[in-house]
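# Overview (structure and organization)
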Amino acid sequence: MSQPLKAPRRTGILAFVISSKHPVPRPPSPAQFPERGVAPHPRGRAEVITRVLDACDSTTPVVAITGPAGIGRSLVLSRVRARLAERQVTTVDVPLVRAEHDVGHLVSWISDELGLPAVREPAGPALHRLLTALAARRDPVVVLLDDAHRIAPDVLAALAGPVRALAGSRVTFVGAFRTPVDGHRPAAAALRARGLVHEERLRPLGAGDVERMVTDLLRAVPAPGLAAALRDRSRGLPAVVRAAVDGYARTGCLRIVDHHAHLVEQRMPRMPLTHPLFAAFGGPDSPSWSVVKALALLGPLRGDVVGLIAESADLAPARVREALAELRASGVLLPGSNRFRVPMLATLLTACLGPYERSRTAQLAVRAVWSGAASYPDGDQLGERLADAGGLVDRDRAAAELLARGTEVATRRPDLADRWLRTAAELTTDPDRRAAALHRHATTCALLQRFTSAAGSTGLVLRDHLDRLPPEIRQESLLVHVVALASSGPDALREFLAAPEPNPVARAVALCLLDRWPEAHAELTAARPADPFGRLVLRLAGAPLGIEEPAGDPEPTGGTAADVRRVLLRALSPGQDDSRPKTAAAATIGAAGTGRWDRALDHARRGLATATVHGSAPGRTAAVREMAVILVARGQLNRARAVLAEARSRHLVLPHLLALPEAELERAMGAHRRARQLIEEGIAAADERGVVTGTAELWLWLAEADRTAGAPEAARRCVDRIDRLVEHSAEPRRHQLLAHVGMHRDRAAAHELVELSRRADHPWELAQALVTVAWSGLGEPKLLLEAYGLYGELDALIPRARLRLLMREREVTVPGRGATVAENERLLAVLIANGLTNSQVATVVGSSEKGVEARLTRFFHRTGYRSRAELTTATLSHEIAPRATTRC
């Protein structure tokens, strides 16, 4: 066992690490999870329900709804009951809550529900009298038997013969039977042979049905891949899907961003032990319960699983075999196997294990693998068992394996890397190796944007193990610590800077992350750092100021140095690091630039959702900007406003980058004065910080606004400012060309602009360039058609609507009249679903309020929607589908 290391007295920066109120970023309080509603109807079962109702209208006396546990038999039965009630058909509910072995009891129950005289004779005559009374009824009667598989085989056989008397009558028995069930086949075969039964076997839900079900439950669209993963793990069983969603919500793993649900962490979904899914396994004191929980953890193991379960659960091997046979017979396990039929059930059961129970069972598995008596087909499973076993196995061996495995899976499974590397550090007994393991964990987590975990380990390194690290590793740990601190907000960085005599490179990073770029650059320039990290940070600090440092800086190499370099790049200049795994910010920027707007939104939402658990990435401003631009262009105006407001509520680096989408949002809503104010505030904020990055587009916006307002002199001054920016900094030449085309009608600039935009393969920028050139009279009208098509590929509804007006002014035929009408309706639906009033919609689409009211009335009449709420729900669930785009 390792002994806790004595912490020496620290001063200066180390004193800050120990005493600061913000040494470790705290994950934000979990957002209020949306109230989870019940699906209004069983997804994917509409045709089944219709066929059951048709069978009730026929002369078939028995309808059997069959399927495995969790398939949704009871839900279908309840829906059938509701539909029959709508038709005013008499129904009798017979829920079988326990095994039924008495024909007389069942007959008495049904008689009581129908208001028939009390049963006093033996079972046979009583059954005959009941069936005679039912057959004589002139009105339809449907008897609904939930969990009908609980009827004992002999009772079912006794009912199968007399039920022939109901053939041709208006009485139907509808039973929900769980499969597989032994003993019922002879009676069912007899009924089937006589044509007395109609069977509806419920099939697993498809991926689309699961997606709609999750949308119903969360009132949010599942992120790409989430519904498919749930469907695969649950095998399409609705009850298991719902249990998984509830379980992940309980552990805070599901987060909602922009009406989309993301699974941001792979922690075990937790359910109460009383959940109906676990009812078949007995109570907590049942041997079957102990067996099935141990099997959930050991199931994938190849070896003597029975022996390991017996030792773990303190049961005789014979009793374990008996329990496993029962699980196979009931369909929980696959025939002849110890594998769960539904993988998610094993996951839910694993979460029911107590801490020691999990560690002890994992210890047995690890020892069996290490001894060669067992093996895991998947290395990830062994890694999980090593982490579960903790100190119950050889600590140094487990730590070494976890360190190697955690490093290997980092790009593929960040959650496993975080857990395994942290556990490796905890298990390591040698102080020097523990310090190195903590540093590896912190660096890996920072690289994977898991800043809360990273700060936890760097805090331990700097507090307890600093003297055991070489000088270069000390600096790396400090740099990672500063980046991780930024995720918790500016106060932690300010306290860091207040500590005396900090490392100059780490101090410069902190200044940059506080958006104090000139100070960072000036201090590093004065310090003249010779190390690779110092030169790198000097170059990154100068870039936003328009200062180009000499190229050819030596790149940090060896150990964790290359990863620390990537951490710095991702924090201070996310666009420069394109290595994998890509951050959500880099992926958003890349996808938006190449016109894959749907994918860009997915990446941006994922980044925002993940930040609620692992801390906000310092370099996320550009990604939020791209997300807001897309949402505004697609008419999602209030959603864009919410995203921008949330971003503004947190500390941002280069916050003026949000001024352009904020202004475009206000301009779309008709608030032109407010839009101009936002642009001017963005320019002033950048000037105050000495930053030039991202300002050319703001001056371009002002130039166009002044030109439109009839202020050519003011517009020319804006163009002059753009010329100076492009000449003396790395601001894009594209902005300069746009300014010269729009203001000076420069034909050479127009030609260069179009060629430059085509080479860049940036559809949004190309469309803007083509519109500007055509509007200025420097290009053929067909350029407008090309731009119109590009906007269509991006599903940019608002720019397309504006462009249609320009095309009509220039007498350019808008293609596809029918498609145009449908697109106008979809824009109307999107704006209404975003909560805009009729007056606001009129402003956006350039119509009158009465015109919007008339269009909305026609739309409601044509589609059948009765309210804005119904329309909003339909838009969220994609019933009003977006136009198919050619870019994904």
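Structure report, in brief. (Residues numbered from 1 in each chain as written. Predicted model: local features only at pLDDT ≥ 70, side-chain atom pairs only at ≥ 80, totals over all residues. Heavy atoms only, no water.)

## Comments concerning the overall build of the protein chain
- Helices and strands together make up the secondary structure of the protein chain, namely 43 helices and eight strands.
- Once the C-alpha set of the protein chain is aligned to its principal axes, its extents read approximately 105 × 80 × 40 Å.
- Counting across all 888 residues of the protein chain, residues that qualify as buried make up 54%.
- Surface summary for the protein chain: the accessible area is close to 38700 Å², and the carbon and sulfur share equals 52%.
- Counting 117 positive and 99 negative side-chain charges, the protein chain places the centres of these two groups 3 Å from one another. (Helix = DSSP H or I, 4+ residues; strand = E, 2+ residues; numbered from the N terminus. Buried < 20%, exposed > 50% of the residue type's maximum accessible area, 1.4 Å probe, protein only. Areas by Shrake-Rupley, 256 points an atom, 1.4 Å probe, with all protein chains shown as cover. Lys, Arg positive; Asp, Glu negative; His and termini not counted. Charge placed at Lys NZ, Arg CZ, Asp CG, Glu CD.)

## Concerning helix α6 (residues 153-160)
- Those residues of α6 lying buried are Val 155, Leu 156, Leu 159 and Ala 160. All buried residues of α6 fall inside an arc of 140° around its axis, so they share one side.
- Packing partners of the buried residues in α6 comprise α4 (103-114), α5 (123-135) and α7 (185-193). (Arc of directions from axis to C-beta. Contact = heavy atoms within 4.5 Å.)

## Quick notes on the packing of aromatic side chains
- Inspection of every chain in the model, using the stated rule, returns five aromatic pairs.
- Centroid distance Trp 597 to Trp 764: 5.2 Å. Interplanar angle 50°. Geometry classified as tilted. Residue Trp 597 is located in helix α28 (residues 597-614), and its partner Trp 764 is located in helix α37 (residues 763-775); the two are separated by 167 residues in the primary sequence. Comparing Trp 597 with Trp 764 shows no difference in burial state: the two are buried.
- Ring-pair connections join several aromatic residues into one group, and the members of that group are Phe 278, Phe 281 and Trp 289.
- For Arg 800, the ring lying beneath its charged end belongs to Tyr 788, and the centroid distance is 3.8 Å. (Phe/Tyr/Trp six-rings, centres within 6.5 Å; stacked < 30°, edge-to-face > 60°. Lys NZ or Arg CZ within 6 Å of the ring centre and 35° of its normal.)

## So, the sheet that holds strand β5 (residues 197-201)
- Spatially, the five strands line up as an open sheet ordered β2-β3-β4-β1-β5, and their pairing is parallel. In the strand order of this sheet, the two ends are held by β2 (90-95) and β5, each with one partner. The mean inter-strand angle of the sheet, taken between neighbouring strand axes irrespective of direction, is 15°.
- Here five bridges tie strand β3 (residues 141-146) to strand β4 (residues 171-178), and the two strands are oriented parallel to one another. Bridged to Val 141 within β4 is Val 171.
- The sheet strands contacting α4 are β2, β3 and β4, and the helix crosses β2 at an angle near 145°. (Pairing = 2+ DSSP bridges. Axes fitted to C-alpha atoms, helices over the stretch in contact; angles between N-to-C directions.)

## Some thoughts on the sheet that holds strand β6 (residues 221-222)
- Spatially, the three strands line up as an open sheet ordered β6-β8-β7, and their pairing is mixed. Edge positions in the sheet fall to β6 and β7 (254-257), since each has one partner strand and no second.
- With four bridges joining them, β7 and strand β8 (residues 260-263) adopt antiparallel strand pairing. The partner of Val 257 across the bridge, within β8, is His 260.

## Description of the pattern of salt bridges
- Applying the stated criterion to the full structure yields 57 salt bridges.
- Two residues, Asp 418 and Arg 450, come together in a salt bridge whose shortest N-O distance is 3.0 Å. Of this pair, Asp 418 sits in helix α18 (residues 414-427) while Arg 450 sits in the loop between α19 (431-447) and α20 (451-465), and the two are 32 residues apart along the sequence. Across the pair, Arg 450 and Asp 418 agree in class, each one buried.
- Between Lys 782 and Glu 780 there is a salt bridge whose closest N-O contact spans 3.6 Å.
- Members of the salt-bridge network, linked through shared partners, are Arg 358, Glu 384, Arg 385, Asp 388 and Arg 419. (Salt bridge = Lys/Arg side-chain N within 4 Å of Asp/Glu carboxyl O.)

## Examining the environment of Arg 203
- Its place among the elements puts Arg 203 in the loop between β5 and α8 (207-218).
- The spatial distance from the C-alpha of Arg 203 to the C-alpha of Pro 574 is 47 Å, given a sequence separation of 371 residues.
- For Arg 203, the contacting residues outside a window of four places in its chain are Arg 45 and Ile 71.

## Considering the state of the cysteines
- Tallying each qualifying case throughout the model produces zero disulfides.
- No disulfide involves Cys 253; its sulfur sits 15 Å from the nearest other cysteine sulfur, which is in Cys 352.
- A relative accessible area of 0% places Cys 253 in the buried class.
- For the unlinked cysteine Cys 445, the closest cysteine sulfur is that of Cys 253, found at 16 Å.
- Overall, Cys 445 belongs to the buried group, its relative accessible area being 1%. (Disulfide = S-S within 2.5 Å.)

## Things to note about the pairing of β4
- For β4, the tally of buried residues reaches seven of eight residues, placing the bulk of the element in the interior.
- Pairing of strand β1 (residues 62-67) with β4, which is carried by six bridges, proceeds in the parallel orientation. Its bridge partner lying in β4, Gly 67 is registered against Arg 178.
- As a crossover connection, the stretch from β3 through α6 into β4 is right-handed. (Right-handed = clockwise from strand over helix to strand, strands pointing away.)

## So, the pairing of β1
- In terms of burial, β1 is largely enclosed, as six of its six residues are buried.
- Going residue by residue along β1, you find Val 62, Ala 64 and Thr 66 tucked away on one face and Val 63, Ile 65 and Gly 67 tucked away on the opposite face as well.
- Note that β1 and β5 share five bridges and pair parallel. When the sheet's bridge partners are listed, Thr 66 is paired in β5 with Arg 201.

## A closer look at the side chain of Thr 588
- Tracing the chain through its elements places Thr 588 in helix α27 (residues 584-593).
- Of note is the side chain of Thr 588, whose polar atom sits 3.1 Å from the backbone nitrogen of Ala 604.
- Look past the residues within four positions of Thr 588 in its chain and what remains in contact with it is Ala 600, His 603, Ala 604, Ala 623 and Glu 626. (Polar contact = N/O pair within 3.5 Å; in protein donor to acceptor, adjacent residues only side chain to side chain.)

## Brief notes about the packing of α19 against helix α26 (residues 561-572)
- The contact between α19 and α26 brings their axes to 9 Å, and the two run at 35°. The handedness of the crossing between α19 and α26 comes out as left-handed. For the pair α19 and α26, contact is made by Arg 440, Thr 443, Ala 446 and Leu 447 and by Asp 563, Val 564, Arg 566, Val 567 and Arg 570, respectively. (Left-handed = near helix turned anticlockwise from the far one by under 90°.)

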